[in-house]
Amino acid sequence: MGNLLNLLVEPLRYPFMVRGLLASLMVGTLCAVVGTYVVLRGMAFFGDALAHAILPGVAVAYLLAVNLFWGALVMGLITAVGIGYLSRRSQVKEDTAIGVIFAASFALGVALLSTVRSYSVDLTHILFGNVLGVSNTDLLLTAGLGLVVLAAVFLLYKELLVVSFDPIMAATLRLPLDALNYLLLVLIALTVVVSLQAVGVALMVAMLVTPAATAYLLTRRLWQMMIIGAAIGAASAVAGLYLSFYVNVASGAAVVLVATGFFVLAFLFAPARGVVWSWRRGRA
Amino acid sequence: MAPILKVDSLTVNYDGTPALEGVSFSVEAGERVAVVGPNGSGKSTLFKAMVGLLRPVAGSVQSNGAKIGYVSQRSEVDWRFPVTVHDVVMMGRIAQIGWLRWQRPSDREVVRRCLDQVGMTAFAGRQIGELSGGQQQRVFIARALAQNASILLMDEPFSGVDVPSQEAILEILDGLRQQNVTVLVSTHDLNLAVERFDRLALLNHRLIAYGPARGTITPATLAAAYGGQALWRGEDYALVMGDIGCCGEAESHHG
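Residues numbered from 1 in each chain as written. Chains lettered and ligands numbered in written order. Predicted model: local features only at pLDDT ≥ 70, side-chain atom pairs only at ≥ 80, totals over all residues.

Trainee: A description of the overall build of chain A should follow, citing residues and the corresponding values.
Mentor: A tally of helices and strands in chain A yields 15 helices and zero strands. Over its C-alpha trace chain A gives a radius of gyration of 19 Å, about what one expects of a compact globule, namely 19 Å for 284 residues. Referenced to the eigenvectors of the C-alpha coordinate spread, the extents of chain A come out at roughly 55 × 50 × 35 Å. In chain A, which comprises 284 residues, the proportion classed as buried is 46%. For chain A, restricting intrachain contacts to residue pairs at least 6 apart in sequence, the fraction spanning at least 24 positions comes to 73%. (Helix = DSSP H or I, 4+ residues; strand = E, 2+ residues; numbered from the N terminus. Rg over C-alpha atoms; globule rule 2.2 N^0.38 Å. Buried ≥ 20, exposed ≤ 12 C-beta atoms within 10 Å, placed from the backbone. Contact = placed C-beta atoms within 7 Å.)

Below, the structure written as C-alpha cells:
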C-alpha cells in the first residue's frame, strides 16, 4: 500500500511533472467534451486536418520567437472558418476540399520550420507534443481558453444538440444554423490549439475522438456522453503520463494508447452494445 | 368561421426548376387534410415552404398566429444519436425556454403531457433508435405538440410503418381533432386518404383538385394528377400503379 502511494507521489516531486499532469487533465477533459460533437457529427477528419493545418502558424510564431500558442490560435481560427466556408461553397466534395487545404498548409509549416537548424527536435515536439515542457503561462492559457470553450458548450447545450440531431427542426425553429455550425468549428479549433503542446499535431484526433467514442458506447444521452467522455479522457491523460514516467515512453503516445485501451474494453464489454454482449445474446 | 390556414398562390422553385406553381387552398381549424400526388409532385416542397424551410418565389402562407409544427420524413435524422424520447420532445420547448436558459419544471410537465397524449409515456427513457418506426412518428408528433403547435404538417408518416402503427397514429390524430388541432398529412395511400381524412388535396406541381375527401377523386382529376399511372376503381377507390415502391419505405431503423 505504501509502495503504491510512493509510486503515485514520486513523480509529483518534479515541478515539470506536476505541470504536465495538470495540463494533461485539462486537455483530456476538454478534448473529450468537444470531441462528443466531433464523433456525433462525423468530423474526425476535420479535427485531424485542423490540427495539421495549424503548423504554419506555429512555425511563424517560432521564427518570430513569440509564444507558439498565439501562432496556433490565429491559424486555427483562420482554418476553421476557411474550411467551414469552402465545404459549403466549393464545387469539390467537402473531404476533398479539407484534404487539399490541410496537406498544403502542413507542407508550408514544415517548409518554414526546415529553415531553422534545430528543425528535427522542434518538429518532433510539435508533432507529438511535449507535455513536460509546459510552462506556467501555458497552463494559465489552457485553463482560461478551456473554460471559455466549456462555458459555450454548457450555455448553448440545447441549441447545439438540436442543430446536431435534427437540423431541419432547428431551421423551423429559426435558430441561426450557420452561426451555430461555425461556432462549433471555432470551439473545436480552440480545443485543438490549447491541446497542441500536450498532445501534438499527429495524435490530436485521437484525443478528440477516442474518449468520446468510448463514452458513446456506454450511454444514451448527450450530457452523459460528455461527462463519461471527460472522465475517460482525464483518466487516460493521467495514467498515460505516469506510464511514460515509469516505462520511459513518449507521453503523448502513452496517453493515446491508454485511451485506446479504454475504447477496446468498451467495444468488447459495453452493456447492450458491446461485442461480447451481442455474442452472448446471439447464443441465448 | 375564418380558416386557420390560408395558402395563397404559392410558387416555389426547387434547384432552379418550378416545384409548385400557384397553389392556393384554405383549411378550417380542426380539419384533417390528406395531400396526395405522385412522386416528385411537390408534397414535401409544399410542407417545407409552409414552415419556412424553402423560400417561395411568390405567394404566401398565413396561419393567423397559429404555430405550425413540422414532422419530417423518418430518414432525415440520425437514429443512433444519444438522445432519449424525453430529450427529443424537450427539443420542442427550445423557443419557449429561450437562449442561455435551462428547462423549467413547467417544460418537463408539458413534455410529460405531450408524451401521454401520444401514448409514449412508458418509453420516455428509451434511446430514440430503439423504437419502431410508428413509435418514432408518435414521439415526433409529441415534439410538435410541445411546441404549442395547433397546425401539424406530417410528411409521409405512414411510409415504412406497419398497419397497427398506422392505426395508432390515426387514433392520435382523431384525439387531436378534439383539441381543434389541424392536421395536414402527405401520403401515397389514396384509399387511406379518402377513408380517414376530411379533405383531400390532389397535387402535381399545381393543385389539381381540393375538396371533401369523397368526391374529389374522379377519373378526370386522377388522370390529371397521375397520368396513366392510376386506375379508376369506382367511387371511393383508386389504385396507383408503378408508384408504390418509393421514398422512405423499408427504411431500416438502427438499434
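Trainee: Could you give me a rundown of helix H5 (residues 133-146) of chain B, with the residues and numbers involved?
Mentor: All names here are of chain B. For H5, which comprises 14 residues, the first-to-last C-alpha distance of 20 Å matches the rise-based estimate of 20 Å (1.5 Å per residue) to within 8%. Here H5 lies mainly inside the structure; 14 of its 14 residues are buried. Positive backbone phi, approximately 65 degrees, marks Asn148, located one or two places after H5. (Expected span 1.5 Å × (residues − 1).)

Trainee: With reference to specific residues and values, describe the nonpolar core.
Mentor: All names here are of chain A. Formed by 160 residues in total, the largest nonpolar core has its most connected members in Val34 and Ile54. Broken down by element, this core gets its largest block of residues, 13 residues, from helix H2 (residues 15-40). In contact with Val34, other than residues within four places in its own chain, are Val149, Val153, Leu187, Ile188, Thr191 and Leu208. (Core = buried A, V, L, I, M, F, W, Y, C linked by C-beta atoms within 7 Å.)

Trainee: So what about the interface of chain B and chain A? Which residues, and what values?
Mentor: In this complex, chain B contributes 18 residues to the contact, which on the side of chain A involves 17 residues. Here the side of chain B that touches chain A is composed, by residue class, of 11 nonpolar, four polar and three charged. (Nonpolar A, V, L, I, M, F, W, Y, C, P; charged D, E, K, R; others polar.)

Trainee: Go over the pairing of strand E2 (residues 17-27) of chain B with me, naming the residues and quoting the values.
Mentor: All names here are of chain B. Strand direction decides the pairing type here: strand E1 (residues 5-14) and E2, joined by seven bridges, are antiparallel. Directly across from Val12, in E2, lies its bridge partner Leu20. In textbook terms, the turn of a hairpin is the stretch between consecutive antiparallel strands, and for E1 and E2 this stretch comprises two residues, one of which, Asp15, has a positive phi near 55 degrees. (Pairing = 2+ DSSP bridges.)

Trainee: Could you give an account of the sheet that holds strand E5 (residues 68-71) of chain B, with specific residues and numbers?
Mentor: Residues and elements named next belong to chain B. Spatial ordering of the open sheet is given by E5-E6-E7-E3-E8-E9, a layout of six strands whose pairing is mixed. The open sheet has two edge strands with one neighbour each: E5 and strand E9 (206-212). For this sheet, the mean inter-axis angle between neighbouring strands, taken without regard to orientation, is 15 degrees. Both strand E3 (residues 32-36) and strand E8 (residues 199-204) contribute to a ladder of four bridges, which runs parallel. Bridge pairing in E8 links Val33 to Arg199. Of the strands in this sheet, E5 and strand E6 (151-155) are in contact with H5, which crosses E5 at around 160 degrees. (Axes fitted to C-alpha atoms, helices over the stretch in contact; angles between N-to-C directions.)

Trainee: Quick rundown of the confidence of the model for chain B? Include the residues and the values.
Mentor: Residue and element names in this part refer to chain B. For chain B, the mean per-residue pLDDT works out to 89, and 90% of the residues sit at or above 70. The weakest mean pLDDT in chain B belongs to strand E11 (residues 238-240) at 60; the strongest belongs to helix H2 (residues 85-90) at 98. The low-confidence segment residues 242-255, where pLDDT is below 50, has 33 contacts with residues more than four positions distant or belonging to other chains. In the model output, the complex is listed with pTM 0.91 alongside ipTM 0.91. (pLDDT = per-residue confidence, 0-100.)

Trainee: Could you give me a rundown of the packing of helix H3 (residues 44-53) of chain A against helix H5 (residues 68-89) of chain A, with the residues and numbers involved?
Mentor: Residues and elements named next belong to chain A. Two elements in contact, H3 and H5, have axes whose closest approach is 9 Å; the angle formed by their N-to-C orientations is 140 degrees. One element, H3, and the other, H5, form an angle in the oblique class. In this structure, the crossing between H3 and H5 has a hand that is right-handed. Of the residues in H5, those touching H3 at Phe46, Leu50 and Ala53 are Met75, Gly76, Thr79, Ala80 and Ile83. (Parallel < 35°, antiparallel > 145°, perpendicular 65-115°, else oblique. Left-handed = near helix turned anticlockwise from the far one by under 90°.)

Trainee: Provide a residue-level description of the sheet that holds E2 of chain B, including the pertinent values.
Mentor: Residues and elements named next belong to chain B. Taken together, three strands build an open sheet; the order of strands is E2-E1-E4 and the sheet is antiparallel. Single-partner strands in this sheet number two, and they are E2 and strand E4 (58-62). Across the sheet, the axes of successive neighbouring strands diverge by a mean angle of 25 degrees, strand direction being ignored. Of the strands in this sheet, E1, E2 and E4 touch helix H1 (residues 43-50), which is tilted by about 65 degrees from E2.

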